[in-house]
Amino acid sequence: MVSDSELIERLREFLKNSDLNTTTTGTVRRQLEEDFGVSLSDKKLFIREQVDLFLQSQFEQQEQENDDDKDDGDGDDEESTARSKYHQSEDKKRGGGFRKLCCLSPQLQEFIGVPQLPRTEVVKQIWEYIKGKELQDPSNRRNIICDESLRTLFGVDSIDMFQMNKALANHIWPLDSNGVAPTESELKEKSELKEKQRKAKQEREEDSDEQEGKEKRQKAEKTGFHAPIQLSDALIKFFGTGESALARSSVIKKMWEYIKLNNLQDPSDKRRILCDEKLKELFNVDTFNGFTVTKLLSPHFIKT
C-alpha cells in the first residue's frame, strides 16, 4: 500500500503544476490512483484535507513574500477588505475547480461579510484574519487560539489546522444550477439535512462495515487494480518467480520492493530511481522519476 507521506508528496507536486481554475479533488484523486496503481476511494476526505492544507501553505508563502517586499503597510479595514475581495471574486464566477464560487453559511457570511466566495478565497481570508489578530499559538503555530469571532464560527476555544479545514467544509456549499444563493432559512434546512445525512451514513457504515469489507475483498480479488493481468515475457523474467499473471497493484508493489531492497533511490532525491542492469534492460532507461513507474510498466501488461 502507498503511504500517506507518498500521497502528500505527489499531491503537492501535481497541484503546483495544475490550473486551480479547472482542477478538482476528483481530478487529484484520479491522478494519484493512476500514479500509484491503487484505488483511493477511501481516501477522499484525506485528499480534500491535504488540498486545503496545500492552498493554505501557498497563501502563507505568498504572504511571506509580500511581507519581505513591503516597506509600509496600509491601515486595516476588515470589512472593506472583505468586500473588495468579494467584488474581485465576481470576475471569477465563471471559473471552476477550487476557485469556483460557493455559497457561505450564515455564520461564515457574518464573519467574512459577503454571501459568496471561492473556497480558496475563504481559506485565504480566514488566514489573513488569524495572522492579523496574531491568533497562532507561539508554542505550536499549527494551533489556533480562537477569539470571540472564531469561537462563534467554530464553537471551540482552540482549533488546529486540520480541524479547521474540516470545520470550514460545513460552512461552504455549492450554489444552485443558476448561480443563485439559497435564503437563510434554506441554508439552515440544508445544514440540518446535511447533519442528519452524516449521522445516518455513519450508522449505516457501522452496521455494514463487516459485510461490506467481506464483499469488497471478494470483489477486489477479481476486478479493478487487484484483477490478475497477463505479464510480458520481459517482466516475467525480471521477477523470476514464474508467475505469468499478477494484479497491477501487486506488480507495482513488487517493483518498489525491488527498488528499495537494492537501494536504487538517489540519496539526493528519493523520487529519482537509478536503474541497475536489470531495470535498464526492462525499461530501457538509465534513470526515471518514481511517479512514472506505472507508465513504464504499462507496456508490460498484456491485454487479452
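Heads up: the structure comes first, above all this text.
Since the model is a prediction, treat every value here as computed from it, not as a measurement. (Residues numbered from 1 in each chain as written. Predicted model: local features only at pLDDT ≥ 70, side-chain atom pairs only at ≥ 80, totals over all residues. Heavy atoms only, no water.)

Student: Give a detailed account of the pattern of salt bridges, specifying residues and quantitative values.
Tutor: Summed over all chains, the structure comprises eleven salt bridges. Salt-bridge contacts for Arg10 lead to Glu13; the nearest nitrogen and oxygen are separated by 3.6 Å. Of the two residues, Arg10 and Glu13 are both situated in helix 1 (residues 4–16); the distance of three residues between them amounts to about one turn of the helix. A relative accessible area of 12% places Arg10 in the buried class. (Salt bridge = Lys/Arg side-chain N within 4 Å of Asp/Glu carboxyl O. Helix = DSSP H or I, 4+ residues; strand = E, 2+ residues; numbered from the N terminus. Buried < 20%, exposed > 50% of the residue type's maximum accessible area, 1.4 Å probe, protein only.)

Student: Could you give an account of the packing of aromatic side chains, with specific residues and numbers?
Tutor: Note on aromatic pairs: each is described by the distance of the centres and the angle between the planes. Evaluation of the coordinates by the stated rule reveals five aromatic pairs. Between Phe36 and Phe291, the aromatic rings sit 5.7 Å apart at their centres with planes inclined by 90 degrees, giving edge-to-face as the arrangement. A residue pair is termed long-range when its members are at least 10 positions apart, and Phe36 in helix 2 (residues 25–36) and Phe291 in the loop between strand 11 (287–289) and helix 13 (293–297) qualify at 255 residues. Relative accessible area serves as the criterion here: at 10%, Phe291 is assigned to the buried category. Note on Phe283 and Phe288: the rings are 5.5 Å apart at their centroids and 85 degrees apart in plane angle, and the pair reads as edge-to-face. The class for Phe283 is buried, based on a relative accessible area of 8%. Taken together through their ring pairs, the aromatic side chains of Phe238, Phe239 and Tyr258 make up a single cluster. Geometry around Phe291 places Arg10 over its ring, the cationic atom sitting 5.2 Å from the centre. In this arrangement the basic side chain of Lys278 is found over the ring face of Phe238, its NZ or CZ atom lying 4.7 Å from the centre. (Phe/Tyr/Trp six-rings, centres within 6.5 Å; stacked < 30°, edge-to-face > 60°. Lys NZ or Arg CZ within 6 Å of the ring centre and 35° of its normal.)

Student: How would you sum up helix 11 (residues 248–261)? Please name residues and give values.
Tutor: Along its 14 residues, helix 11 runs 20 Å from first to last C-alpha, staying within 8% of the 20 Å computed at 1.5 Å per residue. Taken residue by residue, helix 11 has Ser249, Val251, Ile252, Met255, Trp256, Tyr258 and Ile259 as its buried positions. The first or second residue beyond helix 11 is Asn263, which carries a positive phi of 50 degrees. (Expected span 1.5 Å × (residues − 1).)

Student: Talk me through the environment of Lys295; I want residue IDs and the actual numbers.
Tutor: Examined against the element boundaries, Lys295 turns out to sit in helix 13. For the pair Lys295 and Asp35, spaced 260 residues apart in sequence, the C-alpha to C-alpha distance is 8.1 Å.

Student: Before we move on, could you go through the packing of helix 1 against helix 2 and cite the residues and values that matter?
Tutor: When two helices pack together, their arrangement is given by the angle between their axes and by how far apart the axes lie. Where helix 1 meets helix 2, the axes come as close as 10 Å, and the angle between the chain directions of the two elements is 120 degrees. Our classification of the angle between helix 1 and helix 2 gives oblique. Our pair here, helix 1 against helix 2, has a crossing hand that is right-handed. Here helix 1 contributes Glu6, Leu7, Arg10, Leu11, Phe14 and Leu15 to the contact with helix 2, which in turn contributes Thr27, Val28, Gln31, Leu32, Asp35 and Phe36. Among the residues forming the contact of helix 1 with helix 2, the class breakdown is seven nonpolar, two polar and three charged. (Axes fitted to C-alpha atoms, helices over the stretch in contact; angles between N-to-C directions. Parallel < 35°, antiparallel > 145°, perpendicular 65-115°, else oblique. Left-handed = near helix turned anticlockwise from the far one by under 90°. Contact = heavy atoms within 4.5 Å. Nonpolar A, V, L, I, M, F, W, Y, C, P; charged D, E, K, R; others polar.)

Student: Report on the sheet that holds strand 6 (residues 172–174), specifying residues and quantitative values.
Tutor: Taken in spatial order, the three strands make up an open sheet running 2-1-6, and their pairing is antiparallel. Two strands bound the open sheet, and with one partner strand each, they are strand 2 (116–118) and strand 6. The average angle at which neighbouring strand axes cross in this sheet is 50 degrees, direction not considered. Inspection of the sheet shows strand 1 (residues 101–104) paired to strand 2 by three bridges, in the antiparallel sense. Of the residues in strand 2, the one forming a bridge with Cys102 is Leu117. Contacts between helix 6 (residues 119–132) and the sheet are confined to strand 1, strand 2 and strand 6, with strand 2 contributing the most and set at about 95 degrees to the helix. (Pairing = 2+ DSSP bridges.)

Student: Summarise unusual backbone geometry; cite the residues concerned and give the values.
Tutor: Only a minority of non-glycine residues have a phi that is not negative, and only a minority of peptide bonds are not trans. Although it is not a glycine, Asn263 sits at a positive phi angle of roughly 50 degrees. Here Asn263 shows up in the loop between helix 11 and strand 9 (265–266). Given a relative accessible area of 66%, Asn263 falls into the exposed group. Positive phi, close to 60 degrees, is recorded for Asn284, a residue that is not glycine. Locating Asn284 in the fold gives a position in the loop between helix 12 (277–283) and strand 11.

Student: Any details on the sheet that holds strand 7 (residues 228–231)? Residues and values, ideally.
Tutor: Sheet strands line up and pair through hydrogen bonds in the backbone, either parallel or antiparallel. The three strands are arranged 8-7-12 in an open sheet whose pairing can be described as antiparallel. A single partner strand is all that each edge strand has here, and the edge strands are strand 8 (245–247) and strand 12 (301–302). With two bridges connecting them, strand 7 and strand 12 associate as antiparallel partners. Looking at the pairing, Leu231 lines up with Phe301 of strand 12. Sheet strands touched by helix 11: strand 7, strand 8 and strand 12. Its angle to strand 8, the strand with the most contacts, is close to 90 degrees.

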